[in-house]
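Next come the chains, spelled out residue by residue.
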Amino acid sequence: MCGIIGIVSHSPVNQLLYDGLLVLQHRGQDAAGIVTAEGNVFHMHKANGLVRDVFRTRDMRNLLGNSGIGHVRYPTAGNAASTAEAQPFYVNSPYGIVLAHNGNLTNTDQLKEDLFRLDLRHVNTSSDSEVLLNVLAHELVEVGSTQQLSVDRIFKAVSGVHRRCRGAYAVVAMIAGHGLLAFRDPYGIRPLIIGSRQSADGVEYMLASESVAIDSLDFKVLRDVAPGEAIYIDETGKMHSHQCADNPQYFPCIFEYVYLARPDSVIDGVSVYETRLRMGEQLAEKIRQQWAHLHIDVVIPIPDTSRPSALQLANALGLSYREGFIKNRYIGRTFIMPGQAMRKKSVRQKLNAIGMEFKDKNVLLVDDSIVRGTTSREIVQMARDAGARQVFFASAAPPVRFPNVYGIDMPTRQELLATGRTDEQIAREIGADALVYQDIDALIEAVREINPALVHFDTSCFNGNYVTGDITPEYLDIIESMRCGSDIKVKSSSLQLDLNLARGT
Ligand SMILES: O=P(O)(O)OC[C@H]1O[C@H](OP(=O)(O)OP(=O)(O)O)[C@H](O)[C@@H]1O
Ligand SMILES: NC(=O)CC[C@H](N)C(=O)O
Ligand SMILES: [Mg+2]
């Protein structure tokens, strides 16, 4: 889950893009980049680091032009440390194209081989996003690069991308001398939303991963981009849209509501904050039924993401809600940091207990999810060190037992705390006296109650159902075997070969 943004304006967009990326920083802390278009010329600056560190005044000055795209990266493929994999990516033919991608392709290696062998294109990094860009570039050639690039042709090229690419992709791209293109994969796994505003010179458009970026830049939300749909804003500033997939279906990632997105965003018509409140209510109901024998003195959230769920859970149970952990506001999100050593160290740096809230109390700690257990293990111990009598733990999401292949870095079953363990074993692992998880149906209900039009979700990390239909046990085995420890560093080019071997082809 990276953050992407695209703006077509009537005045310079560099500051708007920067401000938008700052608002999307929670979606990626590893690298940031902006490309602006000034006539036929692209200006690009990208590097590893947080938005505030990547862009100096001199970089901003060079980002000239009235349209542009931006990206904050949370690596899920390729090499986390490589500056060359910071986005947006650029390819010079046809026309000159830049692209920023949120998600993860699941047939990267097959595509890479086809690009090399059949399309005569070279991909220089191990990033799936560079592959995606080259597929788009090739499809744009296929629809007739020697002729005028009409809107129809651009949409045909996106249909070609949908036919070839598997996995999750929300994309913003710019075609030099033409306009800004955005599209969402046929299942709408990762979010994408469009907004507009009226300026003295005409309408201006903005696309972003989350509505919070649109709100905070003073645009008005128009609507979510539909699964499979493409939006094109041409060089005159006119917006076009078209459904480019044969069989689009809504399967948004439910983990966006659990953890990834900011609570003040609305994704696919659902307020993230409201779902988190409802998750708390649903969990309270389960606790009421299952834990009548336990005495809880106080409910304490594990900041930040679990706050709304913990608050509502406490309300529903008639218990007091107290802030027992204080978060160092200068430390980022730990789950999306690359490398277990860094994540572990950061939990202690990030959270500190307030003794009086724990001393001689039975505390119920609430987190939005338990993934590797890095946070919960540390936090339970911190609660005990602070003098808690009993420590109970509640997760507003079900156990995470399966790898995510659509843009969240949960690649191996071994590193997921809940894989192969019962709730009792997990409670022992994190050192809690009791543990309760949300049920998957209750989680789905928490989102669907707000927008009943959403019927299906990508819930693969909870139940192993992979909607794209191409994720076999062999695929997961190979992904796992390619990961060195838990750090992201994929020996990408061997995937297809290994898959073929696994299938005996
Ligand atoms: O079981 P784990 O592998 O530790 O992952 C789960 C934890 O990581 C996330 O917190 P994070 O610190 O990333 O962000 P937050 O401040 O938004 O809660 C999430 O909210 C959980 O607390
Ligand atoms: N989390 C994401 O969306 C990652 C995008 C892309 N797969 C990368 O690793 O750069
Ligand atoms: Mg957290």
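Reading the values: the criteria
- Residues numbered from 1 in each chain as written.
- Chains lettered and ligands numbered in written order.
- Predicted model: local features only at pLDDT ≥ 70, side-chain atom pairs only at ≥ 80, totals over all residues.
- Heavy atoms only, no water.
- Helix = DSSP H or I, 4+ residues; strand = E, 2+ residues; numbered from the N terminus.
- Rg over C-alpha atoms; globule rule 2.2 N^0.38 Å.
- Buried < 20%, exposed > 50% of the residue type's maximum accessible area, 1.4 Å probe, protein only.
- Contact = heavy atoms within 4.5 Å.
- Areas by Shrake-Rupley, 256 points an atom, 1.4 Å probe, with all protein chains shown as cover.
- Lys, Arg positive; Asp, Glu negative; His and termini not counted.
- Charge placed at Lys NZ, Arg CZ, Asp CG, Glu CD.
- Arc of directions from axis to C-beta.
- Core = buried A, V, L, I, M, F, W, Y, C linked by side-chain atoms within 4.5 Å.
- Domains from an automatic or database assignment.
- Pairing = 2+ DSSP bridges.
- Axes fitted to C-alpha atoms, helices over the stretch in contact; angles between N-to-C directions.
- Buried area = accessible area lost by both parts, 1.4 Å probe.
- Salt bridge = Lys/Arg side-chain N within 4 Å of Asp/Glu carboxyl O.
- Polar contact = N/O pair within 3.5 Å; in protein donor to acceptor, adjacent residues only side chain to side chain.
- Near = heavy atom within 4 Å.
- 1 Å grid on protein atoms, 1.4 Å probe; cavity = no way out; pocket = protein on both sides within 12 Å on 5 of 7 lines; lining within 4 Å.
- Sits in = over half its atoms within 2 Å of the grid points.
- Nonpolar A, V, L, I, M, F, W, Y, C, P; charged D, E, K, R; others polar.
- Points joined across faces, edges and corners; volume = space filled by probe spheres on them.

Here we take up the overall build of the chain. Counting its secondary structure elements, the chain contains 17 helices and 22 strands. For 505 residues, the compact-globule estimate of 2.2 N^0.38 gives 23 Å, and the C-alpha radius of gyration of the chain, at 23 Å, lies within 12% of that figure. Expressed as lengths along the three principal axes of its C-alpha atoms, the size of the chain is roughly 75 × 60 × 45 Å. In the chain, which comprises 505 residues, the proportion classed as buried is 62%. For the chain, long-range pairs separated by at least 24 residues make up 70% of all intrachain contacts whose partners lie at least 6 apart in sequence. Of the roughly 19,000 Å² of accessible surface on the chain, a fraction of 49% belongs to carbon and sulfur atoms. Positive and negative side-chain charges in the chain, numbering 51 and 58 respectively, have mean positions lying 4 Å apart.

Now for the environment of Val-98. Along the chain, the position of Val-98 falls in strand β6 (residues 97-105). Note: C-alpha distance between Val-98 and Val-35 (63 residues apart in sequence) is 7.6 Å. Those residues in contact with Val-98 that sit more than four places away from it in its chain are Val-35, Phe-42, Met-44, Ile-69, Phe-89, Tyr-90, Val-172, Ala-173 and Met-174.

Here Ala-81 lies in the loop between β4 (67-73) and β5 (89-91). As a C-alpha pair, Ala-81 and Asn-48 span 33 residues in sequence and 7.7 Å in three-dimensional space.

As for its position among the elements, Gly-269 is in the loop between β14 (266-267) and β15 (270-271). Spatially, the C-alpha atom of Gly-269 lies 7.7 Å from that of Asp-224, the residues being 45 residues apart in sequence. Among all residues touching Gly-269, those that are not within four sequence positions of it are Asp-224, Ile-450 and Asn-451.

Moving on, we come to helix α13 (residues 423-430). For α13, the set of buried residues is Ile-426, Ala-427 and Ile-430. With its buried residues spanning 105° around the axis, α13 presents them on a single face. Those residues of α13 that are exposed and aimed more than 90 degrees away from the buried face are Glu-424 and Arg-428. Among the structural elements, α12 (374-385), β21 (390-395) and β22 (434-437) are those in contact with the buried residues of α13.

Bringing the nonpolar core into the picture now. Phe-255, Tyr-257, Ile-287, Leu-364 and Met-410 are the most contacted members of the largest nonpolar core, which has 57 residues in total. The two domains that each donate at least three residues to this core are domain 1 (3-249) and domain 2 (271-327 + 347-465 + 473-484). Contact partners of Leu-364, with chain neighbours within four places excluded, come to Ile-287, Trp-291, Ile-296, Val-298, Val-299, Ile-300, Leu-313, Phe-392, Phe-393 and Ala-394. Listed in part, the 32 residues of the second largest apolar core include Ile-97, Leu-111, Val-161 and Leu-181.

This part covers the sheet that holds strand β2 (residues 31-38). Here 7 strands make up an open sheet; going across it, the order is β3-β2-β4-β1-β10-β9-β11 and the pairing antiparallel. The open sheet has two free edges, formed respectively by β3 (41-48) and β11 (220-224), since each of these has just one partner strand. Neighbour-to-neighbour, the strand axes of this sheet turn through a mean angle of 15°, independent of strand direction. Sheet topology note: the strand β9 (residues 193-199)/β11 ladder contains 4 bridges and is antiparallel. The residue bridging Ile-194 from the neighbouring strand is Arg-223, located in β11. Sitting on the sheet, helix α1 (residues 14-23) is in contact with β1 (3-8), β2, β4 and β9, with an inclination near 155° to β2.

Turning next to the domain arrangement of the chain. Here the domain parsing of the chain yields domain 1 (3-249) and domain 2 (271-327 + 347-465 + 473-484). Taking only C-alpha atoms into account, the centre of domain 1 sits 34 Å from that of domain 2. Listed as interface residues are 11 residues of domain 1 and, on the opposing side, 7 residues of domain 2. For the pair domain 1 and domain 2, the summed buried area comes to about 760 Å², and 56% of that belongs to carbon and sulfur atoms. Put simply, domain 1 and domain 2 have 0 salt bridges between them. Run the count over domain 1 and domain 2 and you get 4 residue pairs in polar contact (both at pLDDT 80 or more). Listed by contribution, the elements that provide at least two residues to the side of domain 1 that touches domain 2 are β6 and β7 (167-175). Among the elements that line the side of domain 1 that touches domain 2, the one with the most residues is β6, at 3 residues.

Take the site of ligand 2 next. In the vicinity of ligand 2 lie 15 residues, with Met-1, Cys-2, Arg-73, Gly-103 and Asp-128 positioned nearest. Residue Arg-73 places a side-chain N or O atom 2.6 Å away from an oxygen atom belonging to ligand 2. One of the side-chain N or O atoms of Asn-104 is found 3.2 Å from a nitrogen atom in ligand 2. For ligand 2, whose unbound accessible area comes to 290 Å², protein coverage reaches 100%. Among the detected pockets, ligand 2 sits in the second largest cavity. Counting only elements with at least two residues in the shell around ligand 2, the list comes to β6 and α5 (128-142). Top contributing element to the shell around ligand 2 by residue count: β6, with 4 residues. Here the residues of the shell around ligand 2 are counted per class, giving 5 nonpolar, 8 polar and 2 charged.

What follows deals with the layout of surface pockets. If you add up the space inside the largest pocket, you get close to 1,200 Å³. Around the largest pocket, the lining comprises 47 residues; the ones closest to its centre are Gln-29, Lys-327, Gly-332, Arg-333 and Lys-350. Looking at the lining of the largest pocket, the elements that each hand over two or more residues are α1, α8 (255-260), α10 (307-317), α11 (340-350) and α12. The biggest single contributor to the lining of the largest pocket is α11, with 4 residues. Of the residues belonging to the lining of the largest pocket, the class tally is 20 nonpolar, 12 polar and 15 charged.

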